[in-house]
Amino acid sequence: MAMTLTLGFVGSIRHFLVSTARWAWGLPEPAATQPLVIEFLPRTYSADSACGKKRWIKLILRSSRSQWHLKFTFSGTAVQDGTRPIMAKGMKRRNDLRDLCRCIDFRRIPLLDDTVTEVILSLDPSPESVKLPYTTQPSADSEYASVISDLWVRTLEDPLRIRFPVHDSSNGIPARRLSEIREKEELNGDSVYKVLLQGDETPYVYKEVERAHYVPRDTEVLEQELRNLDMFRGTTVGIVQLIAAVVSQNPYQTTQPGKECDPIVLRGFLLEHHPNGTLESALESPTPEASERWRVWALQIASALAEMHHRGLAHMDLKPSNVVLSGESDAVLIDISGIGGVTRQWLCPEMLESKKDPLSWSIAAQQQNDIWALGQIMLAMADACRADEQKQLLRSVALAITRSCPRIPLSKVIAALSGRPSPMV
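Definitions and cut-offs
- Residues numbered from 1 in each chain as written.
- Predicted model: local features only at pLDDT ≥ 70, side-chain atom pairs only at ≥ 80, totals over all residues.
- Heavy atoms only, no water.
- Helix = DSSP H or I, 4+ residues; strand = E, 2+ residues; numbered from the N terminus.
- Contact = heavy atoms within 4.5 Å.
- Areas by Shrake-Rupley, 256 points an atom, 1.4 Å probe, with all protein chains shown as cover.
- Buried < 20%, exposed > 50% of the residue type's maximum accessible area, 1.4 Å probe, protein only.
- Polar contact = N/O pair within 3.5 Å; in protein donor to acceptor, adjacent residues only side chain to side chain.
- Core = buried A, V, L, I, M, F, W, Y, C linked by side-chain atoms within 4.5 Å.
- Axes fitted to C-alpha atoms, helices over the stretch in contact; angles between N-to-C directions.
- Parallel < 35°, antiparallel > 145°, perpendicular 65-115°, else oblique.
- Pairing = 2+ DSSP bridges.
- Phe/Tyr/Trp six-rings, centres within 6.5 Å; stacked < 30°, edge-to-face > 60°.
- Expected span 1.5 Å × (residues − 1).
- Arc of directions from axis to C-beta.
- Salt bridge = Lys/Arg side-chain N within 4 Å of Asp/Glu carboxyl O.
- Disulfide = S-S within 2.5 Å.

The name given to the chain in an unreviewed UniProt entry is Kinase-like domain-containing protein, with Triangularia verruculosa as the source organism.

A. How the structure looks around the overall build of the chain. Regarding its fold elements, the chain presents eleven helices and 15 strands. For the chain, the proportion of contacts with a sequence separation of at least 24, taken over those separated by at least 6, is 65%. A total of about 20700 Å² of accessible surface is found on the chain, and carbon and sulfur atoms cover 54% of it.

B. How the structure looks around the environment of Gln390. For Gln390, the position within the fold is in helix α10 (residues 388–401). Classification of Gln390 by relative accessible area gives buried; the value is 13%. For the pair formed by Gln390 and Glu292, sequence separation is 98 residues and the distance between their alpha carbons is 8.8 Å. Side-chain polar atoms of Gln390 contact the backbone nitrogen of Trp294, separated by 3.5 Å.

C. Here's a closer look at the nonpolar core. In this structure, Trp294, Leu333, Leu374 and Met381 are the most contacted members of the largest nonpolar core, which totals 67 residues. Other than its neighbours up to four places away in sequence, Met381 contacts Leu279, Leu283, Trp294, Trp297, Ala298, Ile301 and Leu394. If you look at the next biggest cluster of nonpolar residues, it comprises 24 residues, including Phe40, Cys101, Cys103 and Leu151.

D. Just the packing of helix α7 (residues 294–310) against helix α9 (residues 363–384), in detail. Where α7 meets α9, the closest approach of the two axes is 10 Å, and the angle between their N-to-C directions is 175°. In terms of orientation, α7 and α9 fall into the roughly antiparallel class. Here Trp294, Trp297, Ala298, Ile301, Ala302, Leu305 and His309 of α7 come into contact with α9, specifically with Gln367, Asp370, Ile371, Leu374, Met378, Met381 and Ala384.

E. View of the sheet that holds strand β13 (residues 264–272). The sheet built from six strands is open, its strands ordered β8-β12-β13-β11-β10-β9 with mixed pairing. Each edge of the open sheet is held by one strand with a lone partner, namely β8 (175–177) and β9 (181–186). Strand after strand, the sheet turns through a mean of 40° between neighbouring axes, direction not considered. Its contacts with the sheet place helix α4 (residues 217–231) against β11 (200–208), β12 (242–249) and β13, and it is angled at close to 50° to β13.

F. Quick look at the side chain of Arg161. Positionally, Arg161 belongs in the loop between β7 (152–157) and β8. Note on Arg161: relative accessible area 7%, which makes it buried. Reaching out from Arg161, the side chain makes a polar contact with the side chain of Thr115 at a distance of 3.4 Å. Looking at Arg161, its side chain comes within polar contact range of the main-chain oxygen of Asp158, at 2.8 Å.

G. Just the packing of aromatic side chains, in detail. Summed over the entire model, instances satisfying the criterion amount to four aromatic pairs. With centroids separated by 5.1 Å and ring planes inclined at 75°, the aromatic side chains of Phe74 and Tyr144 adopt a geometry described as edge-to-face. Within this pair, whereas Phe74 is found in strand β4 (residues 67–75), its partner Tyr144 is found in the loop between β6 (130–131) and β7, the two being separated by 70 residues in sequence. Taking 5.2 Å as the distance between ring centres and 85° as the angle between the ring planes, the aromatic pair formed by Trp294 and Trp297 counts as edge-to-face. Placement of both Trp294 and Trp297 in helix α7 is noted, with a separation of three residues, approximately one turn of the helix. On the accessibility criterion, Trp294 (0% relative accessible area) is buried.

H. Geometry of α10. For α10, built from 14 residues, the straight-helix expectation of 20 Å at 1.5 Å per residue is met to within 8% by its first-to-last C-alpha distance of 20 Å. Of all the positions in α10, only Gln390, Leu394, Val397, Ala398, Ala400 and Ile401 are classed as buried. Each buried residue of α10 sits inside an arc of 165° when the element is viewed along its axis, so together they form one side. α10 presents Asp388, Glu389 and Gln392 as exposed residues on the side facing more than 90 degrees away from its buried surface. In the core, the buried residues of α10 are packed alongside α6 (288–291), α7, α9 and α11 (410–417).

I. Representation of the pattern of salt bridges in the model. Summed over the entire model, instances satisfying the criterion amount to 18 salt bridges. Close ionic contact of Arg55 with Glu143 constitutes a salt bridge, the shortest N to O distance being 2.7 Å. Taken together, the positions of Arg55 in strand β3 (residues 54–62) and Glu143 in the loop between β6 and β7 put the pair 88 residues apart, joining distant regions of the chain. Where Asp96 meets Lys92, a salt bridge forms, and the shortest distance between an N and an O atom there is 2.6 Å. In this pair, Asp96 and Lys92 both sit in helix α3 (residues 90–103), four residues apart, roughly one turn of the helix. Given a relative accessible area of 30%, Lys92 falls into the partly exposed group. Salt bridges linked by common partners bring Arg182, Glu183 and Glu201 together as one network.

J. Looking closely at the state of the cysteines. All told, the structure shown has zero disulfides when counted by the stated rule. Not part of a disulfide, Cys103 finds its nearest cysteine sulfur in Cys101, a span of 8.9 Å. Cys405 supplies the cysteine sulfur nearest to Cys348, a cysteine that is in no disulfide, at a spacing of 6.1 Å. Judged by its relative accessible area of 0%, Cys348 falls in the buried class.

As structure tokens, then:
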């Protein structure tokens, strides 16, 4: 349970306790007595439409001892003279929004500690909003110049922030500090990296929470994958091995530097690195060496899948790009969260024809989908295979397990691929 706590709840409690203590001891809020510096985070300006009726930018507000992470949002269409809407170009809208930020008296706006505060400005008041406090006027040509005195502001915890769950150190998973990563090489453009650690020349794969097109559910998926990986730690069933969780202090920490009692958060995890690419690459460019391995790879994938199913799990995105090849030329399953998403090309017919979310089907139905996807992979292997006997075996087993439900059990698939008599009925 502790691993699934998000820092919004923790941050809100901490903010309340700290504010209460400051009030009880008669201490001023830090922002009230210290100069504030705004650091705009690069490439974070965005707008939700061509005319930018809602636009936002991310920034860090710093004092000498503290910092607050903000998402600064304007919602609505500003006007310059009270009647004519301004349809400024993107660059000017961004610069005007930055200029507006510099005008605001953030000392008088309640900001949340240890998380991301969304500061929302609008011309229309809501029950939670107050008049915007500001110290200076925007520049004369700003689209906010004539309306700043009419703006209302409210704050909330940013619901779209990157969520770093508190790390549960009691779960037995080894942990390495984020600061120990000394080299990063992006592998697939989706926040997965080949990395080296300080004092260690062994390459690992680092999969992190933070990603370019992050949505809050990504954190849930990564946590589930970590739990699933932990089930297979130390086994040899053809499922990628977990090396360690990667942790750090909360990157949204308000008081810097953090103290020993501050929560440690999950930033991602390290996996063993397999250097020979993916099964997808092997299928696209078959080699003579691969011709000797197609049946073995099919058997290894089926065996790993059977172990997942035995533990009550389903893969739900089984496809050649989610199988990597080790230095010993063994097939290894990756991306085993079971909830990270699906690829339509590798969905079974009954799920493709249904309007239901494939991830909402029962585990038994999801496991049937896995078996169908295995059959499709084996058909692709048969097409790439040069040895007639292997080709015939792969094709006959694949066609047998892609029939309608209920499909042939994986135990029979494994027996057939192992060379043991097993009727495909």
